[in-house]
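What follows is the residue order along each chain.
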Amino acid sequence: MRLAEVDGKALLRRHGLAGPCGILLGAGEEPPDALARHWPGYFLKAQLLEGGRGKRGLVRRFDRLSDFRNARRLILATLDDADTPLLLEEAVPVIREIYVALRIDGSKQAIELLVAPGGGEDIEQTTKLARIPAVDGTITAEMIYPAVARLFPTEIAVRLARYAARLPEIARQEDLELLEINPLALTQDGGFIVCDAKLVRDDSAAFRHDADEFPTSRMLGERAMTPLEHSARDLGFRLVETAGDVVLVTSGAGLAMMMMDLLADHGLPAASFMDNLRGAPDETMVERLKIARFLAARPNIKGIVFQTVIASRSLAERIDALCAWIEAEPLPKPLFVGVDAGHAATRTMSTDQAIGKLRALGVAAFTDPVALVKAAAKALR
Ligand code: GDP
Ligand code: MN
């Protein structure tokens with residue numbers, strides 16, 4: 001679950017990391033001017049689950065509270081959505097912007113800390129990035145200091161190392177996959193203030209946390225979903241629509257990511273990502289195929305790629321469901337199927353039998369995902 005800025009800052013505040021004073025305003029709400037009159041300046045920030053708001057004009061600074069309405073008008077006109085919640089904050093006087101992030105290094109399956117000077121909106125371009133990998137699951141101030149001392153004056157580096165060393169424990173307690181502070185502001189008096197926060201909580205740890213927490217983030221998450229993504233969730237699986245050419249039908253996030261990479265490498269970006277939902281039924285292939293047909297009917301879609309990797313559930317059942325779907329009505333786009341099955345899955349149908357069955361229906365079917373993607377690319381590009 002991705003947290004909106006306002007919720008991310010609230011979470012961090014709970015753990016003692018200061019943020020600017022602020023107030024969340026719903027649609028049409030005015031700031032209570034008694035509260036905010038004496039701030040040295042103001043920031044009005046659209047709350048959406050996307051970054052890069054500054055560059056899109058969705059973060060606006062002004063000096064007098066009387067400019068609030070104008071700032072709001074400009075933001076809402078850019079978004080074309082009057083219901084977007086807005087965060088009104090005091091403008092923190094910033095001496096220096098810093099980028100700090102705790103993330104999971106996917107290949108090492110371990111946390112790592114990233115720190116860069118500058119921060120702000122162009123962090124992707126920075127070449128001065130300190131990467132501090134965890135050792136035995138921990139990152140201490142002593143480990144951080146040598147890396148940040150190359151990027152900051154000593155007395156900032158010392159305090160930054162101590163500050164950043166608090167993040168792994170916060171991430172662990174809160175089950176965060178990502179804890180990114182950009183910018184972290186260094187103030188005149190040497191304090192650190194969280195000016196923007198991007199936090200992502202691991203959905204599989206949701207049961208450890210209050211389900212009613214962070215209603216703004218939940219509402220924004222719901223609103224960011226497409227109608228088909230909603231339907232998919234109702235049917236028991238997770239769909240993310242992406243800008244691409246081929247509908248990808250898989251089960252499990254790992255396989256989906258691998259196939260998306262393979263497809264993209266062959267010039268065929270995927271238009272869908274499918275994953276399992278917590279607490280959902282074991283088998284949702286029939287439902288996935290139903291949604292895939294809808295997606296494939298769109299004019300920009302060139303084809304459908306179905307890849308299964310199956311070891312414990314029945315290959316026969318899955319192939320029968322696939323064949324029934326193919327035969328039910330003509331498919332809107334060409335279909336390419338990959339079958340990788342073993343162990344208990346092949347008790348009543350072998351991989352060769354599955355391939356034979358599909359080919360008898362005129363479907364291009366393969367045992368190797370790379371061969372599948374190459375064939376799809378050759379036919380569709
Ligand atoms: P993003 O573009 O979606 O990441 O939105 P941010 O919240 O990071 O805001 C964009 C930029 O506004 C930041 O990179 C900062 O430079 C600036 N900014 C945001 N909050 C403050 C603040 O309290 N004080 C100052 N001086 N600058 C801020
Ligand atoms: Mn930011």
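You'll find the structure just up there.
Remember, predicted model here, so these are calculated numbers, not experimental data.

Cut-offs applied
- Residues numbered from 1 in each chain as written.
- Chains lettered and ligands numbered in written order.
- Predicted model: local features only at pLDDT ≥ 70, side-chain atom pairs only at ≥ 80, totals over all residues.
- Heavy atoms only, no water.
- Helix = DSSP H or I, 4+ residues; strand = E, 2+ residues; numbered from the N terminus.
- Buried < 20%, exposed > 50% of the residue type's maximum accessible area, 1.4 Å probe, protein only.
- Contact = heavy atoms within 4.5 Å.
- Areas by Shrake-Rupley, 256 points an atom, 1.4 Å probe, with all protein chains shown as cover.
- Donors = N, O, S within 2.8 Å, 3.2 Å for Na, K, Ca; no water.
- Near = heavy atom within 4 Å.
- Polar contact = N/O pair within 3.5 Å; in protein donor to acceptor, adjacent residues only side chain to side chain.
- Nonpolar A, V, L, I, M, F, W, Y, C, P; charged D, E, K, R; others polar.
- 1 Å grid on protein atoms, 1.4 Å probe; cavity = no way out; pocket = protein on both sides within 12 Å on 5 of 7 lines; lining within 4 Å.
- Points joined across faces, edges and corners; volume = space filled by probe spheres on them.
- Pairing = 2+ DSSP bridges.
- Axes fitted to C-alpha atoms, helices over the stretch in contact; angles between N-to-C directions.

Q: Teacher, can you tell me more about the overall build of the protein here?
A: Secondary structure summary: the protein contains 13 helices and 17 strands in total. The C-alpha extent of the protein, read off along each of the three principal axes, is 75 × 50 × 40 Å. Scored against the burial criterion, the 381 residues of the protein give a buried share of 49%. Taking the contacts inside the protein whose residues are at least 6 apart along the sequence as the reference set, 67% of them involve residues at least 24 apart. Carbon and sulfur atoms make up 52% of the accessible area of the protein, which totals about 18500 Å².

Q: Could you clarify how one ought to interpret the coordination of the manganese ion (ligand 2) in this entry?
A: When a metal carries six donors in an octahedron, the ideal angles between them are 90 or 180 degrees, while four donors in a tetrahedron ideally lie at 109.5 degrees. In this structure, Asn182 (O) and Asp196 (OD) serve as the protein donors to the manganese ion (ligand 2), at separations of 2.2 to 2.3 Å. Taken as a pair, Asn182 in strand 9 (residues 176-186) and Asp196 in the loop between strand 10 (192-194) and strand 11 (197-201) lie far apart in primary sequence, 14 residues in all.

Q: Can you help me understand the site of ligand 1 in this one?
A: Lys45, Arg53, Gly54, Glu97 and Asp196 are the nearest of the 17 residues found near ligand 1. Within the backbone of Gly54, an N or O atom sits 2.8 Å from an oxygen atom of ligand 1. Asn182 is positioned such that a nitrogen or oxygen atom in its backbone is 3.3 Å from an oxygen atom of ligand 1. Expressed as a share of its isolated accessible area of 570 Å², the protein-covered part of ligand 1 is 87%. At the level of elements, strand 3 (42-46) and strand 9 are the ones that each hand at least two residues to the shell around ligand 1. The class makeup of the residues in the shell around ligand 1 is 6 nonpolar, 5 polar and 6 charged.

Q: Quick question: what am I supposed to make of empty space enclosed by the protein here?
A: Where empty space is left can be seen by rolling a probe of water-molecule size over the atoms. Counted under the stated rule, the structure contains 1 cavity of 30 Å³ or more. In terms of lining residues, the largest cavity is bounded by Ser251, Asn276, Asp282, Glu283, Thr284, Met285, Arg288, Arg313 and Arg318. Across the lining of the largest cavity, the residue classes tally to 1 nonpolar, 3 polar and 5 charged.

Q: What is the right way to look at the sheet that holds strand 5 (residues 86-90) in this model?
A: Hydrogen bonds along the backbone pair up the strands of a sheet, which may run parallel or antiparallel. Taken in spatial order, the 4 strands make up an open sheet running 2-5-3-4, and their pairing is antiparallel. Among the strands making up the open sheet, the edge pair consists of strand 2 (22-25) and strand 4 (59-62). Neighbour to neighbour, the strand axes of the sheet diverge by 20° on average, direction disregarded. The pairing of strand 3 with strand 4 spans 4 bridges and is classified as antiparallel. Across the sheet, residue Phe43 finds its bridge partner in strand 4, namely Arg61.

Q: What should I look at first to understand the environment of Arg278 in this one?
A: Position of Arg278 among the secondary structure elements: in the loop between strand 14 (272-276) and helix 10 (285-296). You can call Arg278 exposed: its relative accessible area is 55%. For Arg278 and Arg14, which are 264 residues apart along the polypeptide, the C-alpha to C-alpha distance reads 28 Å. Those residues in contact with Arg278 that sit more than four places away from it in its chain are Asp203, Ser204 and Phe207.

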